[in-house]
Amino acid sequence: MMRKLGVLFLLLLVCFSLYSFDYKLDLISFTPLYKEYDADDHRAAMDFQYAAVYEGYPDYIYQDYHHFDFVDYESVRMKPFVGVYHLGETLSLVKNTFTFDSFLSPIAFDFAFQGSLTGVMEGEMADIFGYDGEFFYGLTMSIADVVSLRFGGSHYCSHYGDFVYKVLGMGGGIPSEFDEWFKYLRMDTVIFGLSVEPFDFLRLYAEVDFPTKDTWSILPVFVSNTADFVPSSYGARIVNFGIEFEYPIFKNLGMTRIAYGCAAYEEGKIVYKEEDLNAAGKDKPYYDPDRPWEFEHTITISQDINDLVSFDVTWHYGRFILNSFFATRSQYVSIGARLDFDGTVTVYDSSRH
């Protein structure tokens, strides 16, 4: 891989040598070449939301092949509201920008890091449902400020919060089959994304996320393509795609953005829910080639207040906010505020000399 990247870098230098160009090197920047998706429940952002889950409020969890119902959980939650926070950011590291006389200008590439922690709070904002952590690292590239690409690896994990232990422990203690250290993991995945902005007000994107051959997954969530009950054609892929519009409707404020995002899970072909297994007369997850991929949908309306703060309203139909409740299909609406930091540390800029 590094040899291929080196060859690509040399080819870029040869191409640029045919032109008179300006070169800029940014050590670190909060303005990524490949922007986050607005309609993404797990986006790398700094925000807080208050959500009303009006359908599909979690009342059970899966752990491996076991189904655990919550006990008397109605007494410890504020139905149907939850607080949601994201702690994350996307950093552009060692960003190289070449500006020259061509329709392809500017061309930029960098090493990108994107990290995020998502937490959902419950029960008078004191008890934690759980939290998810994830990060992306890889290469991103931008051509003419129109086409952006990213390629790299990702890590995803989720953890139970104290709410889960409390509601499982009611009425006689936590079941012996429940492992308090159990985590649902999806590791060593690869992401390839393409984003196109044909106009200043429009963005289209598509992304595929798939595990490598040595991916380790704990069933049944994110069933690996190396599981013994799936065919070789199964790739455990997740495809994200969407569209974003932006326009300054309120002249004294900032941009107004409307975004739609869709996530498609190949895992929809895996039968793992207790009721489905019972209906099929099986006791373990199995692969059904006739089942469709699973789809979820998100719409977000965002209004910039200034260069730092924006307000978001989001509607979501699909999996619950936290990956620990991957089997629960929910609909919820949230409203909240987001902080968008800006800043760049420039090492060299030939246009200033």
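Going by the structure above, here's the rest.
Residues numbered from 1 in each chain as written. Predicted model: local features only at pLDDT ≥ 70, side-chain atom pairs only at ≥ 80, totals over all residues. Heavy atoms only, no water.

Digging into the overall build of the protein
We apply this condition: Comment: elements are numbered from the N terminus, with helices defined as DSSP H or I runs of at least four residues and strands as E runs of at least two. For each residue, the accessible area found with a 1.4 Å probe, counting protein chains only, is set against the maximum for its type, and the residue is called buried under 20%, exposed over 50%, and partly exposed in between. Contacts are residue-level and defined by heavy atoms, with any inter-residue pair within 4.5 Å sufficient. The protein chains shown are the only cover counted for residues, whose accessible areas, like all others here, come from Shrake-Rupley with a 1.4 Å probe.
Per the secondary structure count, the protein includes 4 helices and 18 strands. Counting every position in the protein, which comprises 353 residues, the buried fraction comes to 47%. Taking contacts inside the protein between residues at least 6 apart in sequence as the whole, the part at least 24 apart equals 70%. Accessible surface computed for the protein: about 17,500 Å², of which carbon and sulfur atoms make up 62%.

Points about the pattern of salt bridges
Any two side chains of opposite charge can pair, given that their charged atoms come close. Note the cut-off: In the sections that follow, a salt bridge refers to a side-chain nitrogen of Lys or Arg positioned within 4 Å of a carboxyl oxygen of Asp or Glu.
With the rule as written, the count across this model stands at 15 salt bridges. Note that Glu244 is salt-bridged to Arg203, the shortest N-O span being 3.4 Å. One end of the pair, Glu244, is in strand β11 (residues 238-247); the other, Arg203, is in strand β10 (residues 202-211), with 41 residues separating them in the sequence. Of the charged contacts in the structure, one is a salt bridge between Arg237 and Glu266, with a shortest N-O distance of 3.1 Å. Residue Arg237 is located in the loop between β10 and β11, and its partner Glu266 is located in the loop between β12 (256-265) and β13 (270-271); the two are separated by 29 residues in the primary sequence. You can call Arg237 partly exposed: its relative accessible area is 30%. Residue Glu266 is classed as buried on the basis of its relative accessible area of 3%. Look at the salt bridges and you will find they share partners, linking Asp38, Arg43, Asp47, Arg257, Asp304, Asp312 and Arg338 into a network.

Considering the environment of Gly171
As for its position among the elements, Gly171 is in the loop between α3 (162-169) and β9 (184-199). When the C-alpha atoms of Gly171 and Asp72 are compared, they prove to be 8.2 Å apart, with 99 residues separating the residues in sequence.

Concerning the nonpolar core
When a protein is soluble and globular, its nonpolar side chains tend to lie buried together. Rules: Throughout, nonpolar core names a set of buried Ala, Val, Leu, Ile, Met, Phe, Trp, Tyr and Cys residues whose side chains join them through atoms within 4.5 Å.
Counting 36 residues, the largest nonpolar core has Ile61, Phe70, Val82, Phe129, Val164 and Phe325 as the members making the most contacts within it. Contributing elements (two or more residues each) for this core: β2 (46-55), β3 (60-63), β5 (81-100) and α3. A total of 4 residues in this core trace back to one element, the largest contributor, which is α3.

Topic: empty space enclosed by the protein
Operational definition: Computed over the protein atoms alone on a 1 Å grid, cavities are sets of points where a 1.4 Å probe fits but cannot get out and pockets are open sets with protein on both sides within 12 Å along at least five of seven lines; a residue lines them when it has an atom within 4 Å of a point. Grid points are joined across faces, edges and corners, and a volume is the space filled by probe spheres set on the points. Here the term charged refers only to Asp, Glu, Lys and Arg, the term nonpolar to Ala, Val, Leu, Ile, Met, Phe, Trp, Tyr, Cys and Pro, and the term polar to all other amino acids, Gly among them.
Scanning the entire structure with this criterion turns up 5 cavities of 30 Å³ or more. In this structure, the largest cavity encloses a volume near 770 Å³. In terms of lining, the largest cavity is formed by 42 residues, of which the most central are Asp40, His42, Glu134, Tyr156 and Asn240. Considered class by class, the residues forming the lining of the largest cavity number 18 nonpolar, 12 polar and 12 charged. Estimates place the volume of the second largest cavity at around 110 Å³. Taken together, 15 residues form the lining of the second largest cavity, with Asp41, Gln49, His86, Thr314 and Ser334 sitting closest to its centre. Looking at side-chain class alone, the lining of the second largest cavity contains 5 nonpolar, 6 polar and 4 charged residues.

Details of the pairing of strand β1 (residues 21-29)
In plain terms, the rule: When DSSP finds at least two bridges between two strands, those strands are taken to pair.
As paired strands, β1 and β5 are joined by 8 bridges and run antiparallel to one another. In the sheet register, Asp26 faces β5, and the bridge partner there is Lys95. As paired strands, β1 and strand β18 (residues 344-349) are joined by 5 bridges and run antiparallel to one another. Its bridge partner lying in β18, Leu25 is registered against Tyr348.

With respect to the environment of Phe192
Following the sequence through the fold, Phe192 ends up in strand β9. Among the residues examined, Phe192 registers a relative accessible area of 36% and is labelled partly exposed. With sequence-adjacent residues up to four places away left out, Phe192 is seen in contact with Leu149, Arg150, Phe151, Ala206, Glu207 and Val208.

Some details on unusual backbone geometry
Residue Pro80 is reached from Lys79 by a cis peptide bond, and omega for that bond is -5 degrees. Looking at the element boundaries, Pro80 is found in the loop between β4 (66-69) and β5. For the bond running from Ser105 to Pro106, omega is -5 degrees, close enough to zero to count as cis. Assignment of secondary structure puts Pro106 in the loop between β5 and β6 (107-122). Located in the positive-phi region is Val94, a residue other than glycine, with phi close to 50 degrees. Assignment of secondary structure puts Val94 in strand β5. Residues other than glycine seldom take positive phi values, yet Ala236 does so here, at roughly 55 degrees. For Ala236, the position within the fold is in the loop between β10 and β11. For Ala236, a relative accessible area of 7% puts it in the buried group.

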